[in-house]
Amino acid sequence: MASCITEQWASNAPQIKLNVDWVESTDTTVKYNWSLQYIAAYAASVSSARSYSAKIGSATVASGTYNINGVTGTKTIASGTITITRTTSSQTISFSCSMAFNLTWGGTYGGTKSASGSFSVGAKTSYTVSYSANGGSGAPSSQTKWYGTNLTLSSTKPTRTGYSFSSWLSSAQSKTYNPGDLYGYNASTTMTAQWTANTYTVSY
């Protein structure tokens, strides 16, 4: 769980806290539950509700007003879920919360108080497509394929004396591909060069 909580500007002053809890992950997304809480050891005596907001990444997940008059303990102001889409690199997701307390507590005034934090989301699953010249030379360098995307295979063809290159054979599927074809299978693979022996005519 990741969380952020506002500072106490005076002893036992109320606080606001945003919790972010992991729920489940897939190859392309990560889902989180979140909750925004008001925390007070002692009740405040106010005549109007106080405004609050909470943000996760670029999304404002909660905003509005909450009547803190007479409230003690830990109370949930708002809650929900948010799904973060994975990218081809890991991400640091920031989150924050704030409340306009506008209170004098223990002789000390506290206006709008805020807190922030962050958590990490890993990259999409990646796969390696490597190439074997299979007795020839000039095989392309390995490529990286990301989950749920199509990879354009290298257009480079290896060479072999006495043979002509015919296709690539995928170890993951036992399927042949031509240079420049799209590879969409979600698995690492070795593309092995397939050769056709050259034939020559001897005439008399």
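Each value, and the rule that gives it
Residues numbered from 1 in each chain as written. Predicted model: local features only at pLDDT ≥ 70, side-chain atom pairs only at ≥ 80, totals over all residues. Heavy atoms only, no water. Helix = DSSP H or I, 4+ residues; strand = E, 2+ residues; numbered from the N terminus. Rg over C-alpha atoms; globule rule 2.2 N^0.38 Å. Buried < 20%, exposed > 50% of the residue type's maximum accessible area, 1.4 Å probe, protein only. Contact = heavy atoms within 4.5 Å. Lys, Arg positive; Asp, Glu negative; His and termini not counted. Charge placed at Lys NZ, Arg CZ, Asp CG, Glu CD. Salt bridge = Lys/Arg side-chain N within 4 Å of Asp/Glu carboxyl O. Pairing = 2+ DSSP bridges. Axes fitted to C-alpha atoms, helices over the stretch in contact; angles between N-to-C directions. Phe/Tyr/Trp six-rings, centres within 6.5 Å; stacked < 30°, edge-to-face > 60°.

> Explain the overall build of the chain here, please?
Along the backbone of the chain there are zero helices and 15 strands. For 204 residues, the compact-globule formula gives about 17 Å, and the C-alpha radius of gyration of the chain, at 30 Å, lies well above that figure. Dimensions of the chain along its principal axes, counting C-alpha atoms only, are 115 × 25 × 20 Å. In the chain, which comprises 204 residues, the proportion classed as buried is 35%. Put simply, of all contacts in the chain between residues at least 6 apart along the chain, 59% involve residues at least 24 apart. Separation of charge centres in the chain, based on 12 positive and 5 negative side chains, amounts to 4 Å.

> Is there a simple way to explain the pattern of salt bridges in this structure?
Side chains that differ in sign of charge can pair as their charged atoms come close. This model, assessed by the stated rule, comprises one salt bridge. Close ionic contact of Glu-7 with Lys-113 constitutes a salt bridge, the shortest N to O distance being 4.0 Å. Within this pair, whereas Glu-7 is found in the loop between strand E1 (2-5) and strand E2 (15-25), its partner Lys-113 is found in strand E8 (residues 108-121), the two being separated by 106 residues in sequence. By relative accessible area, which is 16% here, Lys-113 ends up buried.

> So what exactly am I meant to see when it comes to the side chain of Ser-35 here?
Mapped onto the fold, Ser-35 is located in strand E3 (residues 29-40). Taking relative accessible area as the criterion, Ser-35 reaches 15% and is therefore assigned buried. Ser-35 has contacts with Lys-17, Leu-18, Asn-19, Thr-76, Ala-78 and Ser-79, leaving out every residue within four places of it along the chain.

> Would you mind going over the sheet that holds strand E4 (residues 50-56) with me for this structure?
Hydrogen bonds between backbone atoms are what pair the strands of a sheet, whose relative direction is either parallel or antiparallel. An order of E5-E4-E7-E8 is seen for the four strands of this open sheet, with the pairing classed as antiparallel. Two strands bound the open sheet, and with one partner strand each, they are strand E5 (59-66) and E8. Averaged over all pairs of adjacent strands, the angle between strand axes in this sheet comes to 10°, irrespective of strand direction. Relative to strand E7 (residues 91-105), E4 runs antiparallel, the two being bridged by five bridges. Looking across to E7, one finds that Ile-56 is bridged to Phe-95.

> Looking at this structure, how should I read unusual backbone geometry?
Leaving glycine aside, a negative phi is the common case for residues, and trans is the common case for peptide bonds. The backbone of Asn-102 shows a phi angle near 50°, a positive value even though the residue is not glycine. The topology assignment puts Asn-102 in strand E7. The partly exposed category is assigned to Asn-102, whose relative accessible area is 38%.

> What am I meant to see in the sheet that holds E2 here?
Across the sheet, four strands lie side by side as E1-E2-E3-E6; this open sheet has antiparallel pairing. Both outer strands of the open sheet, E1 and strand E6 (73-85), are each paired with one neighbouring strand and no more. Going across the sheet, the axis of each strand differs from the next one's by a mean of 15°, ignoring polarity. By the bridge criterion, four bridges tie E1 to E2 in an arrangement that is antiparallel. Bridge pairing in E2 links Ser-3 to Asn-19.

> Looking at this structure, how should I read the side chain of Ser-98?
Locating Ser-98 in the fold gives a position in strand E7. Apart from the residues within four sequence positions on either side, Ser-98 is in contact with Ile-16, Ser-51, Tyr-52, Ser-53, Thr-112, Lys-113 and Ser-114.

> Honestly, the packing of aromatic side chains in this entry has me stumped. Any pointers?
For any pair of aromatic rings, geometry is given as the distance between the ring centres together with the angle between the planes. What the rule picks out here adds up to eight aromatic pairs. Here the aromatic rings of Trp-9 and Phe-101 are separated by 5.2 Å at their centres, their planes lie at 45°, and the arrangement is tilted. Of this pair, Trp-9 sits in the loop between E1 and E2 while Phe-101 sits in strand E7, and the two are 92 residues apart along the sequence. Between Tyr-177 and Tyr-183, the ring centres sit 5.7 Å apart and the planes meet at 70°, which makes this aromatic pair edge-to-face. By relative accessible area, Tyr-183 is classed as buried at 0%.

> What should I look at first to understand the environment of Leu-36 in this one?
Checked against the element boundaries, Leu-36 lands in strand E3. Each C-alpha atom of the pair Leu-36 and Gly-80 lies 9.2 Å from the other, and the pair is 44 residues apart in sequence. With sequence-adjacent residues up to four places away left out, Leu-36 is seen in contact with Ile-16, Lys-17, Leu-18, Tyr-52, Ala-54, Ala-62, Lys-75, Thr-76, Ile-77, Ala-78 and Cys-97.

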